[in-house]
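Summary of the model geometry
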Amino acid sequence: MTNFGDCVVCGVSTHLFKYGKYLCNSCDLFFRRSMTPWSFFGDCKHNWDCYKESSNRQRLPKCRHCRFNKCVDVGLLTVSRYTKLADLVEYLSLLDANREKTFLKLSISTDFDTNTFLDENPIRFIKKTSDLNFDCDEWQIMNKLSTIEMLKNLDFPKYLSSQDLRYFLKKGYFLKGILTMAMRSYLNQEEFMSFPNGVDLFPDHAREGLHINISFLNLIRCQLVGKFIELKITREEISMLGAIAVSNPAVPDLSSNGQKLLSCYQQLYTSSLLQYCLAKYQQNGPARFCNIMSVLNVANQTYDNIIKYVCLCQYYHSDMQPSKLYQSVLNQLN
């Protein structure tokens, strides 16, 4: 005798039993297709609760956002079911390589719209001319924007609402940007973070001022790169660690749907890093995994020190203002 039950997503009666739940063929197909979306889902046009109390599919609006989040709510998003470790490592490494190319080779136009770079659309970059030499502020802008563009191309931001996307990008870009700066310096066999062509992380007035201790600035420059040197970390490891860092469900003001989504993907990236370590280092895999995860503590310490540095600059060098473009980008990120 065939058993029937209500689909956990839309409520229609079904005899199909998948992943330990009753799931109709339509919702199963929708969810599997959603795991490789071509574009952002966009916002719900109703009240963000289209599928909260579903009992009849005919009554439900065609809202991809709410339908996908209902799939997450009922536990369908076991992401590892749809992810191969080798493909994930290759994809994250490719995103980092593209971000680095954008950072080094591209720029932004003088009429760059600072009001739109946190939305779902790609950031408009232009080719950097050979005679264009960036200063500290301009490199910082490119580091921020290239990192934000890279974050948009991760798998999960496509499922976020426009508001959650902004919260995610504002929180995630900073830590990821620190990790990528340190990785670039490490791969260039440097012992401290700097921008290309020997441009220092800090503007002249900060380095020449008497109020900000040079040892404190050197701590910011050197601590994270020193950890990379100590661990002899690889590109693949730092790419996976960066994904773990940015998929933090504790982002302030993030909706409950956004928190659940980021939590699922953070678990995926964490378990994938562990699998990578076990495959590559075998019996030393667990210890290697713990050592790599310890980098996040150092990155967070560097993050906190940069915040302290910014506060000191605002206090002691309030008369030294960055460019209008740089200040406009910062205003959007604050």
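All values reported here derive from a predicted model rather than from experimental measurement.

1. Some words on the overall build of the chain
On a plain count of helices and strands, the chain comes out with eleven helices and six strands. When the accessible area of the chain is evaluated, it comes to approximately 17,400 Å², of which 50% is carbon and sulfur surface.

2. A short note on the packing of aromatic side chains
Scanning the entire structure with this criterion turns up 17 aromatic pairs. Seen in terms of ring centroids, F156 and F168 are 5.2 Å apart; in terms of plane orientation they differ by 70 degrees. Their pairing is edge-to-face. Of the two residues, F156 is situated in the loop between α4 (136-152) and α5 (162-187) and F168 in helix α5; the sequence distance between them amounts to twelve residues. Each member of the pair, F156 as well as F168, carries the same accessibility label: buried. Note on F156 and Y265: the rings are 5.3 Å apart at their centroids and 45 degrees apart in plane angle, and the pair reads as tilted. Residue F156 is found in the loop between α4 and α5, and its partner Y265 is found in helix α9 (residues 256-281); the two are separated by 109 residues along the sequence.

3. What to know about the confidence of the model for the chain
Within the chain, residue pLDDT values average 87, and 90% of them lie at 70 or more. Across the chain, element-level confidence peaks in helix α8 (residues 235-246) with a mean pLDDT of 95 and bottoms out in helix α6 (residues 204-208) with 65.

4. Observations regarding the environment of Y309
Mapping Y309 onto the fold places it in helix α10 (residues 285-316). On the accessibility criterion, Y309 (10% relative accessible area) is buried. The spacing of Y309 and N213 is 96 residues in sequence and 10.0 Å in space, taken between C-alpha atoms.

5. With respect to the nonpolar core
In terms of nonpolar packing, the biggest core is built from 102 residues, with L154, F168, F228 and Y269 touching the most fellow members. Of all the elements, α5 adds the most residues to this core, at twelve residues.

6. Examining the packing of helix α1 (residues 25-34) against helix α2 (residues 64-73)
The angle between the axes and the distance between the axes are what describe a pair of packed helices. Two elements in contact, α1 and α2, have axes separated by 10 Å at closest approach and are oriented at 100 degrees. Classified by the angle their axes make, α1 and α2 are roughly perpendicular. Residues S26, C27, F30, F31 and S34 of α1 form the contact with α2, whose participating residues are R64, R67, F68 and C71. Looking at side-chain class alone, the contact of α1 with α2 contains five nonpolar, two polar and two charged residues.

7. Digging into the environment of G172
Note that G172 resides in helix α5. Sequence separation between G172 and I148 is 24 residues; the distance between their C-alpha atoms is 8.1 Å.

8. Observations concerning the side chain of R288
Its place among the elements puts R288 in helix α10. Judged by its relative accessible area of 12%, R288 is buried. From its side chain, R288 meets the backbone oxygen of L231 in a polar contact 2.7 Å long. At a separation of 2.7 Å, a polar atom in the side chain of R288 contacts the side chain of E237.

9. Remarks on unusual backbone geometry
Of note, Q189 is a non-glycine position whose phi angle comes to about 60 degrees, a positive value. In this structure, Q189 sits in the loop between α5 and α6.

10. Re the pattern of salt bridges
Counted under the stated rule, the structure contains nine salt bridges. Between D28 and R32 there is a salt bridge whose closest N-O contact spans 3.4 Å. Of this pair, D28 and R32 both sit in helix α1, four residues apart, roughly one helical turn. D28 gets classed as buried once you look at its relative accessible area, which sits at 2%. Here D200 ties to R221 by a salt bridge, and the two come within 3.0 Å at their closest N and O atoms. With D200 in the loop between α5 and α6 and R221 in helix α7 (residues 214-231), this residue pair connects regions lying 21 residues apart in the sequence. Through salt bridges with shared partners, one network takes in K18, D28 and R32.

Quick notes on the rules
- Residues numbered from 1 in each chain as written.
- Predicted model: local features only at pLDDT ≥ 70, side-chain atom pairs only at ≥ 80, totals over all residues.
- Heavy atoms only, no water.
- Helix = DSSP H or I, 4+ residues; strand = E, 2+ residues; numbered from the N terminus.
- Areas by Shrake-Rupley, 256 points an atom, 1.4 Å probe, with all protein chains shown as cover.
- Phe/Tyr/Trp six-rings, centres within 6.5 Å; stacked < 30°, edge-to-face > 60°.
- Buried < 20%, exposed > 50% of the residue type's maximum accessible area, 1.4 Å probe, protein only.
- pLDDT = per-residue confidence, 0-100.
- Core = buried A, V, L, I, M, F, W, Y, C linked by side-chain atoms within 4.5 Å.
- Axes fitted to C-alpha atoms, helices over the stretch in contact; angles between N-to-C directions.
- Parallel < 35°, antiparallel > 145°, perpendicular 65-115°, else oblique.
- Contact = heavy atoms within 4.5 Å.
- Nonpolar A, V, L, I, M, F, W, Y, C, P; charged D, E, K, R; others polar.
- Polar contact = N/O pair within 3.5 Å; in protein donor to acceptor, adjacent residues only side chain to side chain.
- Salt bridge = Lys/Arg side-chain N within 4 Å of Asp/Glu carboxyl O.

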